[in-house]
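In case you want the letters, here they are:
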Amino acid sequence: DQQVKQNSPSLSVQEGRISILNCDYTNSMFDYFLWYKKYPAEGPTFLISISSIKDKNEDGRFTVFLNKSAKHLSLHIVPSQPGDSAVYFCAASKDDYKLSFGAGTTVTVRA
Amino acid sequence: DTEVTQTPKHLVMGMTNKKSLKCEQHMGHRAMYWYKQKAKKPPELMFVYSYEKLSINESVPSRFSPECPNSSLLNLHLHALQPEDSALYLCASSQALTGGQPQHFGDGTRLSIL
């Protein structure tokens, strides 16, 4: 049962523009959410996280928004750069170690 | 540069071989994890160690045998694997085995079973 869903398998954006990646979850017990970025032939790299007591967390060009009532989170990348081209995974956990991952969204940043 | 180091990067083995995957972290993390990732799928948790003790085994077949010799090292011993075990094996670590702690991943070992 897929508890974390990334419904867009791919996203193409022009360099300098905003990339918006979306993630939906079904388990209301999730209280910690993370985004990972993965290049080919490398492991996932932790990008940014947010706990359920917040609705926004910002780190440089990356901002994560959490809407608990809608069970939805999003990752905004502004401005998008060619090095941002990668697969992005959304993940969630509920007061423990176990991460539930989404299927990933492949981002392509066009020059 | 990743702070979790995995060796080897690639491994090809026959179904009767015995091999080991190694993982090392020097971040002082006390929780370490093994994941399996198939192509175009998210990582699937296999084992969790906390303070060098096995805390979680996600019903993994006994042909996979984890070992944590010390707080910095994690091994995965492989024996009599099947072709369907071909995958990317990822090691991760986190400060502790509690929520709210990001897991940091290595680059993985690409395993191919002939």
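Scroll up to find the structure.
A quick note: this is a predicted structure, and the numbers were derived from the prediction, not measured. (Residues numbered from 1 in each chain as written. Chains lettered and ligands numbered in written order. Predicted model: local features only at pLDDT ≥ 70, side-chain atom pairs only at ≥ 80, totals over all residues. Heavy atoms only, no water.)

## Comments concerning the sheet that holds strand E3 (residues 18-25) of chain B
Residues and elements named next belong to chain B.
(1) Moving on: Read across the sheet, four strands follow the order E1-E3-E8-E7 without closing on themselves; strand pairing throughout is antiparallel. Each edge of the open sheet carries a strand with a single partner, namely strand E1 (4-7) and strand E7 (64-70). Going across the sheet, the axis of each strand differs from the next one's by a mean of 20°, ignoring polarity.
(2) Moving on: When E3 meets strand E8 (residues 73-79), the two strands line up antiparallel, connected through seven bridges. Along E8, the bridge assignment pairs Cys-23 with Leu-74. (Pairing = 2+ DSSP bridges. Helix = DSSP H or I, 4+ residues; strand = E, 2+ residues; numbered from the N terminus. Axes fitted to C-alpha atoms, helices over the stretch in contact; angles between N-to-C directions.)

## Some words on unusual backbone geometry
(1) Moving on: Geometrically, the link from A:Val78 to A:Pro79 is a cis peptide bond, its omega value of -15° lying close to zero.
(2) Moving on: Position of A:Pro79 among the secondary structure elements: in the loop between strand E8 (72-77) and strand E9 (86-93).
(3) Moving on: In this chain, B:Thr7 is followed by B:Pro8 through a cis amide linkage whose omega measures -10°.
(4) Moving on: Structurally, B:Pro8 is set in the loop between E1 and strand E2 (10-13).
(5) Moving on: Of note, B:Ser59 is a non-glycine position whose phi angle comes to about 55°, a positive value.
(6) Moving on: Its place among the elements puts B:Ser59 in the loop between strand E6 (53-57) and E7.

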